[in-house]
Amino acid sequence: MTRWNTSHIPDQTGRAVVVTGANSGLGYVTARELARRGARVVLACRSTERGAAALARLRSEVPVAEAEFRPLDLADLASVRRFAEDLDDFCGDRLDLLINNAGVMALPQRTTADGFEMQFGTNHLGHFALTGRLLPKLLATPGARVVTVSSMLHALADVDLDDLNSERSYHRWTAYGRSKSANLLFTRALARRLAAAGSQVVAAAAHPGYAHTNLQTAGVRMEGRRAAERVVELGNRLIAQPADGGALGTLCAATAPHMRPDAFIGPRNGLRGAPARSFRAPWTQRDDTADRLWTASEELTGVRCDVTVPAV
């Protein structure tokens with residue numbers, strides 16, 4: 001992966017791809033570059049207005065793109081179910097690539113439509129349910145991959161299996177770190193189950209380092225903290241790499257040949273640069289924790305992630 005960049009993306013012609021949170025930032029860049037290489041891409045976004053605008057922008061930048069927008073609110077399990085059920089007319093029984101990219105960061109305490117803490121509910125449970133509902137398509141597709149976007153800030157906190165929804169106490173950055181650790185634990189558990197079933201589907205994870213996106217300012221903007229928002233925006237301008245650079249880890253995990261299951265790919269120096277294998281906290285590699293989180297996630301979402309390879 002030395003100096004890996006978008007020129008290394010293999011031809012994606014004919015491949016069906018879903019990218020969550022594709023209306024801006026990392027998700028948009030990921031969808032655009034895959035479409036540029038010939039993939040048929042669904043931009044799965046919560047906002048109809050922003051999703052439609054992103055689709056128009058993508059088509060202007062990649063006129064030959066085969067892309068469409070479909071609504072998906074990961075903070076609403078009913079929306080996740082509808083999205084998965086309606087995907088048949090896009091890709092039938094096959095799905096080559098699922099990019100679990102969408103997320104929220106360091107929000108004031110909020111809950112999802114189903115009553116889950118917003119960061120855990122959106123970043124982990126929404127993507128867990130979406131992956132579970134789309135698994136039959138992925139399992140039926142040779143060479144399929146699931147790439148889940150985590151963060152270096154997963155190192156802030158391990159999941160608390162006794163308080164997954166931060167009901168005892170809520171600290172925005174702790175909750176964010178837990179949700180990003182959950183992304184890595186989910187990837188690990190999924191990769192193990194796929195291997196045990198004899199599936200060739202690859203589950204991997206990625207992170208963008210420090211990338212300039214709308215994610216950093218959302219929480220402080222919700223609270224009207226203008227001074228804090230200006231500080232974050234200054235940090236974005238002076239330190240962060242652009243979204244085009246931040247998306248490289250995701251694109252590499254999604255398309256580089258011979259990607260190792262449960263790999264965690266991010267900028268070489270942690271913050272920016274070409275993709276490489278990344279540091280991950282030891283608690284994200286504990287199989288017992290990953291299994292317990294998997295079971296809890298199935299119970300909370302009502303979605304059973306059945307990793308069964310279809311008969312040939």
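Refer to the structure printed above.
1. Digging into the sheet that holds strand β6 (residues 202–206)
The mixed open sheet is built from eight strands, whose spatial order is β3-β2-β1-β4-β5-β6-β7-β8. Two strands bound the open sheet, and with one partner strand each, they are β3 (66–71) and β8 (275–277). Averaged over neighbouring strand pairs, the angle between their axes works out to 20° when direction is ignored. Looking at chain direction, strand β7 (residues 264–267) and β8 are connected through three bridges and run antiparallel.

2. Observations regarding the packing of aromatic side chains
For the structure shown, the criterion picks out four aromatic pairs. Measuring from centroid to centroid gives 5.4 Å for F128 and W294, while their planes differ by 80°, and the two rings are edge-to-face. Residue F128 is located in helix α5 (residues 118–139), and its partner W294 is located in helix α11 (residues 287–301); the two are separated by 166 residues in the primary sequence. Judged by relative accessible area, which is 5%, W294 ranks as buried. With 6.1 Å between their ring centres and 90° between their planes, W173 and Y176 make a pair best called edge-to-face. With a gap of three residues between them, W173 and Y176 both fall in helix α6 (residues 172–196), about one helical turn apart.

3. A look at the pattern of salt bridges
For the structure shown, the criterion picks out 21 salt bridges. Measuring nitrogen to oxygen at the nearest pair gives 4.0 Å for the salt bridge that ties D160 to R178. Remark: R178 occurs in helix α6 and D160 occurs in the loop between β5 (145–149) and α6; sequence separation between them is 18 residues. Assessed through its relative accessible area of 22%, D160 is described here as partly exposed. Residues D262 and R188 are paired through a salt bridge, measuring 2.7 Å at the closest nitrogen-oxygen approach. Here R188 lies in helix α6 and D262 lies in the loop between α10 (248–255) and β7, a separation of 74 residues in the sequence. Residue D262 shares its accessibility class with R188, and that shared class is buried.

4. Some thoughts on the packing of helix α1 (residues 25–36) against α10
For the pair α1 and α10, interaxial distance at closest approach is 9 Å and the crossing angle is 45°. Relative to α10, the element α1 is oriented oblique. In this structure, the crossing between α1 and α10 has a hand that is right-handed. Counted together, T30, E33 and L34 of α1 and T250, L251 and T255 of α10 form the full contact between these two elements. Per-class residue counts for the contact of α1 with α10 are two nonpolar, three polar and one charged.

5. Considering a nonpolar patch on the surface
Taken together, the side chains of L153, L156 and W173 make up a nonpolar region of the molecular surface, amounting to roughly 270 Å² of accessible area. Residue W173 is classed as partly exposed on the basis of its relative accessible area, which comes to 40%.

6. A word on the pairing of strand β1 (residues 16–20)
Side-chain direction in a regular strand flips from residue to residue, so the side chains alternate between the two faces of the sheet. With five of five residues buried, β1 is to be regarded as a mostly interior element. Burial along β1 is two-sided: A16, V18 and T20 facing one way and V17 and V19 facing the other are all buried. Examined bridge by bridge, β1 and strand β2 (residues 40–45) share five bridges and lie parallel to one another. For V18, the partnering residue across the bridge sits in β2 and is V42.

7. Observations regarding α5
The end-to-end C-alpha distance of α5, which contains 22 residues, comes to 29 Å, matching closely the 32 Å that a straight helix rising 1.5 Å per residue would cover. Within α5, 20 of the 22 residues are buried, leaving the element largely enclosed by the surrounding structure. You can read the cap of α5 off the contacts: a side-chain oxygen lies 2.8 Å from the backbone nitrogen of Q119, and it is on E117.

8. A few points about unusual backbone geometry
Even without being glycine, S166 reaches a positive phi, approximately 50°. Turning to its location among the elements, S166 is positioned in the loop between β5 and α6. By relative accessible area, S166 is classed as buried at 4%. The backbone of H258 sits at a positive phi, close to 60°, despite the residue not being glycine. The class of H258 is exposed, set by a relative accessible area of 79%.

9. Digging into helix α2 (residues 48–61)
The end-to-end C-alpha separation of α2 is 20 Å, in line with the 20 Å expected for 14 residues at 1.5 Å each. When we look at burial in α2, the residues that qualify are G51, A54, L55 and L58. All buried residues of α2 lie within an arc of 100° about the axis, which places them on one face of the element. For α2, the exposed residues set more than 90 degrees away from the buried face come down to E49 and S60. As for α2, its buried residues are in contact with α1, β2 and β3. For α2, the N-terminal capping position is held by S47, with its side-chain oxygen 3.4 Å away from the main-chain nitrogen of E49.

Conventions we followed
- Residues numbered from 1 in each chain as written.
- Predicted model: local features only at pLDDT ≥ 70, side-chain atom pairs only at ≥ 80, totals over all residues.
- Heavy atoms only, no water.
- Pairing = 2+ DSSP bridges.
- Helix = DSSP H or I, 4+ residues; strand = E, 2+ residues; numbered from the N terminus.
- Axes fitted to C-alpha atoms, helices over the stretch in contact; angles between N-to-C directions.
- Phe/Tyr/Trp six-rings, centres within 6.5 Å; stacked < 30°, edge-to-face > 60°.
- Buried < 20%, exposed > 50% of the residue type's maximum accessible area, 1.4 Å probe, protein only.
- Salt bridge = Lys/Arg side-chain N within 4 Å of Asp/Glu carboxyl O.
- Parallel < 35°, antiparallel > 145°, perpendicular 65-115°, else oblique.
- Left-handed = near helix turned anticlockwise from the far one by under 90°.
- Contact = heavy atoms within 4.5 Å.
- Nonpolar A, V, L, I, M, F, W, Y, C, P; charged D, E, K, R; others polar.
- Patch = residues over 30% accessible without salt bridge, like charges linked within 9 Å, V, L, I, M, F, W, Y side chains within 5 Å.
- Areas by Shrake-Rupley, 256 points an atom, 1.4 Å probe, with all protein chains shown as cover.
- Expected span 1.5 Å × (residues − 1).
- Polar contact = N/O pair within 3.5 Å; in protein donor to acceptor, adjacent residues only side chain to side chain.
- Arc of directions from axis to C-beta.

Worth remembering: the numbers are spatial, not functional.
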